[in-house]
Amino acid sequence: MSIFKNAIDSIILGIEDYNTAEPRRLLSATRNLVSGILLLIKHKLSTLSPAGTDEALIKQRVLPQLDGSGGVLWKGKGKKTVDVHQMRERCEGLRVSVDWRRVQKVVDHRNEIEHYFPSLNQNALRTLIADSFIIIRDLLRTQLNEDPLTCLGAETWNTLTDVANVYEKEKKECEANFDSVDWAYQQLQDALTEWQCPKCSSGLIDIVNPGSEKWSARFQCRSCGRECDFEEAAEKAVEDFFSTQNYLSVKDGGEPGTVLCPNCGHETYDLQEDCCLMCEESVERECQRCGMEIPASEIDGSGYCSWCNHMMSKDE
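Residues numbered from 1 in each chain as written. Predicted model: local features only at pLDDT ≥ 70, side-chain atom pairs only at ≥ 80, totals over all residues. Heavy atoms only, no water.

**Remarks on empty space enclosed by the protein**
If you roll a probe as big as a water molecule over the atoms, it shows you where there is empty space left.
So, step 1. This model, assessed by the stated rule, comprises 1 cavity of 30 Å³ or more.
So, step 2. A volume near 40 Å³ is recorded for the largest cavity.
So, step 3. Along its surface, the largest cavity is lined by Trp195, Cys197, Pro198, Ile205, Phe219, Gln220, Cys221, Arg226 and Cys228.
So, step 4. A per-element tally of the lining of the largest cavity places strand S4 (residues 218-221) first, with 3 residues.
So, step 5. Residue composition of the lining of the largest cavity, by class: 7 nonpolar, 1 polar and 1 charged. (1 Å grid on protein atoms, 1.4 Å probe; cavity = no way out; pocket = protein on both sides within 12 Å on 5 of 7 lines; lining within 4 Å. Points joined across faces, edges and corners; volume = space filled by probe spheres on them. Helix = DSSP H or I, 4+ residues; strand = E, 2+ residues; numbered from the N terminus. Nonpolar A, V, L, I, M, F, W, Y, C, P; charged D, E, K, R; others polar.)

**Some details on the pairing of strand S2 (residues 72-81)**
So, step 1. Inspection of the sheet shows strand S1 (residues 59-66) paired to S2 by 7 bridges, in the antiparallel sense. The residue bridging Leu66 from the neighbouring strand is Val72, located in S2.
So, step 2. In textbook terms, the turn of a hairpin is the stretch between consecutive antiparallel strands, and for S1 and S2 this stretch comprises 5 residues, one of which, Gly68, has a positive phi near 95°. (Pairing = 2+ DSSP bridges.)

**Details of the layout of surface pockets**
So, step 1. What the largest pocket holds in volume is close to 1100 Å³.
So, step 2. Lining the largest pocket are 37 residues, with Arg101, Lys105, Glu194, Gln196 and Asp240 positioned closest to its centre.
So, step 3. Breaking the lining of the largest pocket down by element, the ones donating at least two residues are helix H4 (100-116), helix H5 (126-143), helix H7 (154-179), helix H8 (186-194) and helix H9 (230-251).
So, step 4. Among the elements that take part in the lining of the largest pocket, H4 stands out by supplying 9 residues, more than any other.
So, step 5. Taken together, the residues that form the lining of the largest pocket break down as 14 nonpolar, 8 polar and 15 charged.
So, step 6. Taken as a whole, the second largest pocket holds about 250 Å³ of empty space.
So, step 7. Lining the second largest pocket are Val84, His85, Arg88, Glu89, Glu92, Trp100, Gln104, Thr244, Tyr247, Leu248 and Lys251.
So, step 8. Those elements that place two or more of their residues in the lining of the second largest pocket are helix H3 (84-93), H4 and H9.
So, step 9. The element contributing the most residues to the lining of the second largest pocket is H3, with 5 residues.
So, step 10. Taken together, the residues that form the lining of the second largest pocket break down as 4 nonpolar, 3 polar and 4 charged.

**Description of the packing of H5 against H7**
Packed helix pairs are specified by the crossing angle of their axes together with the interaxial distance, meaning the distance between the axes.
So, step 1. At their nearest, the axes of H5 and H7 sit 8 Å apart, and the two run at 120° to each other. The angle between the axes of H5 and H7 places the two elements in the oblique class. Seen from above, H5 lies across H7 with left-handed handedness. Where H5 abuts H7, its residues Arg126, Thr127, Ile129, Ala130, Phe133, Ile136, Arg137 and Arg141 lie against Trp157, Leu160, Thr161, Val163, Ala164, Val166, Tyr167 and Glu170.
So, step 2. Each residue belonging to the contact of H5 with H7 can be placed in one class, and the counts come to 10 nonpolar, 2 polar and 4 charged. (Axes fitted to C-alpha atoms, helices over the stretch in contact; angles between N-to-C directions. Parallel < 35°, antiparallel > 145°, perpendicular 65-115°, else oblique. Left-handed = near helix turned anticlockwise from the far one by under 90°. Contact = heavy atoms within 4.5 Å.)

**What to know about the sheet that holds strand S3 (residues 205-207)**
So, step 1. The strand order across the open sheet formed by 3 strands is S3-S4-S5, and the pairing between neighbours is antiparallel. Strands at the two margins of the open sheet, each flanked by one partner only, are S3 and strand S5 (227-229). The average angle at which neighbouring strand axes cross in this sheet is 30°, direction not considered.
So, step 2. In this structure, S3 lies alongside S4, joined through 3 bridges in antiparallel fashion. If you follow Ile205 over to S4, its bridge partner there is Cys221.

**Quick notes on the side chain of Thr159**
So, step 1. Looking at where Thr159 falls in the secondary structure, it is placed in helix H7.
So, step 2. Those residues within four positions of Thr159 in sequence are excluded, and the remaining contacts are Ile15, Tyr18 and Asn19.

Encoded structure:
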């Protein structure tokens, strides 16, 4: 069975599971939809793999081999295929356009549902299905030159589009309410707008009191009704928003995007803005003793780097 057929079958099964509205099958729906998306990307990479390379672009291990004419041929080895990070690296290297932020979002959504949400309802999956619709549509039409309606059939495609349309309407209503509040920083508004409910993972989080001052803002999930205040929402939203950037940056030896704010104690200090997205306070980034820039890991509000703090403590 081809990768493409597996991908289409997974998406169709996912929507069939969703349409049953049975809690146990809703978990299966998330797995099948995300699996279908990743298989579509692998299919694209497979079509770009040179002949005779055993689909090298989708294999984790790729080894050199003499081609018989003095040249080198890179061939895929083993059965293990690329993970999401490797898929992204290879697609970007080959200039294959994929909305990776949205792909990572649905993958994270699936992982959260599998680990933390044993009891599901259809409302909780609207965010995942709306994001999946956009990814699937773009991959089929733009990258694979396929008609989604023909590939998936009317029932599956209509469910995807109907859920996405309703979700988009409600999302715009939520965003309009977010626009009514002065958040001071665009990054904070973006983080709150993209934040997903910690209880049901829905992206339909609204403001109960539009037009309020940010510290008075109350948030409520339209899918499950969970409420929270600004302090909780801002900290968790910023943490989620910067999580991927922080992980990749630190992994590659760089600095994270956000660190602990020494003023308010939340992980909301934006190093690029050089201020806290929550309390709006800034700290001294240049050591007042040696003049060097204070590393992100040493920001504590004292105005000194760790070395100078250590040296000054010895002088006391």
